[in-house]
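Coordinate inspection notes
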Amino acid sequence: MSNFKQNFFDNGFITKLRVLSENDASNICDNYLKYLSSGINKAESIEHKTKSHLYFPWANEIIRNKRILEYVEQILGPNFVCWNSVIFHKYPSSKNFVSMHQDQNYWGIIHDKAISVQLAISESKIENGCLRILPSSHRSDYSHKDLIKKDNMLARGQSISNDDLNQDKLKNIELDPGECVLFHGNIVHGSMPNKSNKHRFCFTIRFLTTDNKIKKNLYYNHATLVKGTDQYNFFQKEDSLNNSNINKLKALHKQLIISQIEKYVNLKLRNNIFTKIVMFFLKFEPIRSFYYKVVKKA
Ligand SMILES: O=C(O)CCC(=O)C(=O)O
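The text that follows walks through the structure, step by step, so that each part is easy to find. Note that this is a predicted model, so its numbers are computed, not measured.

Looking at the site of the ligand
- Around the ligand, the neighbouring residues are Phe-88, Val-98, Asp-103, Ser-116, Gln-118, Leu-131, His-189, Ser-191, Cys-202 and Thr-204.
- Listing elements by their share of the shell around the ligand, those giving two or more residues are strand E4 (114-120), strand E10 (188-191) and strand E11 (200-209).
- Residue composition of the shell around the ligand, by class: four nonpolar, five polar and one charged.

Observations regarding the sheet that holds strand E3 (residues 98-102)
- An order of E3-E10-E5-E8 is seen for the four strands of this open sheet, with the pairing classed as antiparallel. Lying at the two open borders of the sheet, with one neighbouring strand each, are E3 and strand E8 (171-173). Recorded for the sheet is a direction-independent mean angle of 25 degrees between the axes of neighbouring strands.
- Note that E3 and E10 share three bridges and pair antiparallel. Bridging across to E10, His-101 finds its partner in His-189.

Section: the environment of Ala-120
- Position of Ala-120 relative to the elements: it lies in strand E4.
- Taking the C-alpha atoms as reference points, Ala-120 and Phe-203, separated by 83 residues in sequence, lie 6.5 Å from one another.
- Residue contacts for Ala-120: discarding those within four places in its chain leaves Leu-175, Asp-176, Pro-177, Gly-178, Glu-179, Cys-180 and Cys-202.

Brief notes about unusual backbone geometry
- The phi torsion at Ser-93 lies on the positive side, around 55 degrees, for a residue other than glycine.
- Residue placement: Ser-93 occurs in the loop between strand E2 (80-90) and E3.
- Located in the positive-phi region is Asn-233, a residue other than glycine, with phi close to 55 degrees.
- Looking at the secondary structure, you find Asn-233 in the loop between strand E12 (222-227) and strand E13 (236-237).
- Taking the number of C-beta atoms within 10 Å as the measure of exposure, Asn-233 has 8 and is therefore exposed.

What to know about helix H5 (residues 66-76)
- All of the buried residues in H5 are Ile-68, Leu-69, Tyr-71, Val-72, Ile-75 and Leu-76. One side of H5 carries all its buried residues, which in axial view fall inside an arc of 160 degrees. Relative to its buried face, H5 has exposed residues pointing more than 90 degrees away, namely Lys-66, Arg-67 and Glu-70.
- Downstream of H5 by one or two residues, Gly-77 has phi in the positive range, about 90 degrees.

Here we look at the sheet that holds strand E1 (residues 13-18)
- Taken together, seven strands build an open sheet; the order of strands is E1-E9-E4-E11-E2-E12-E13 and the sheet is mixed. Every other strand in the sheet has two partners, leaving E1 and E13 as the edge strands with one partner each.
- Two elements, E4 and strand E9 (residues 179-184), share five bridges in a ladder whose sense is antiparallel. Bridge assignment links Val-117 to a residue of E9, and that residue is Leu-182.

Side note on the nonpolar core
- Core analysis: the largest hydrophobic core is formed by 63 residues, its most contacted members being Val-72, Leu-182 and Phe-207.
- Filtering out sequence-adjacent residues up to four positions away, Phe-207 remains in contact with Val-72, Leu-76, Phe-80, Val-81, Cys-82, Ala-114, Ile-115 and Val-117.

Re the environment of Asn-266
- Tracing the sequence through the fold places Asn-266 in helix H7 (residues 246-269).
- The class for Asn-266 is partly exposed, based on 18 C-beta atoms found within 10 Å.
- Once the C-alpha coordinates of Asn-266 and Met-279 are considered, the two residues, 13 residues apart in sequence, prove to be 9.5 Å apart.

Parameters and conventions
Residues numbered from 1 in each chain as written. Predicted model: local features only at pLDDT ≥ 70, side-chain atom pairs only at ≥ 80, totals over all residues. Near = placed C-beta within 6 Å. Helix = DSSP H or I, 4+ residues; strand = E, 2+ residues; numbered from the N terminus. Nonpolar A, V, L, I, M, F, W, Y, C, P; charged D, E, K, R; others polar. Pairing = 2+ DSSP bridges. Axes fitted to C-alpha atoms, helices over the stretch in contact; angles between N-to-C directions. Contact = placed C-beta atoms within 7 Å. Buried ≥ 20, exposed ≤ 12 C-beta atoms within 10 Å, placed from the backbone. Arc of directions from axis to C-beta. Core = buried A, V, L, I, M, F, W, Y, C linked by C-beta atoms within 7 Å.

Dropping the structure here:
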């Protein structure tokens, strides 16, 4: 096993790998902040943060970034997909935080050939609420509770109790713009509020091997093949900007977001007819904006 891979599996993460120049990262950051202040409605302000590679051209390029894929290949082997990409943005002095959790606890994948790459677009430091990781915790499964708190950025508030974590062992993952950290799908991680006067903006990509599968019907089943070939066809294929255009990707983005909401509504209502009625209305963006305000989604 290479040193890189050994190191990754010993600690559950490898950090401070440069994949973009500071200048490229800062251009993306400036454009993103302009987007946020361009008068977008509540639905847009929430929905662009997941499956972001189907929403922003820059994000679709980054999921196929050569350096990132080379690092991921060393861990996952030659065939893998980008299953999701997520924006973690905290405004200056924001109380938003991410409770400590293990992603694999709720993804529902069949094996742990899964990693996340978090790329810092702005700087990500202790003061502005950088990622925190419990080293080597990927080898144990911790118990989680859904603790919905207003400022928790996780939709369901998945949380490991503080009593189960040795706080002294938590490591702050500080990154400069353009640097990334690779972390195991089962590592315990989270982040604190932003106490600084700067934005904190990270872009996280979830990679799964093509032989992995989403076993729960609760999550996305679409993915973009970013490396090698897919002989399993467990995922429905997403196009990329190589062979499509952003308007088509955005149409798929909208469809996937609405189908995620439908799964969630169905879970809550447990009645197909009520779900269909609610979903008829939630197809309209102003109504989704209202819905997000009601469920207080951050
Ligand atoms: O960096 C953060 O704020 C949290 C990231 C996170 O929870 C994740 O990527 O799963």
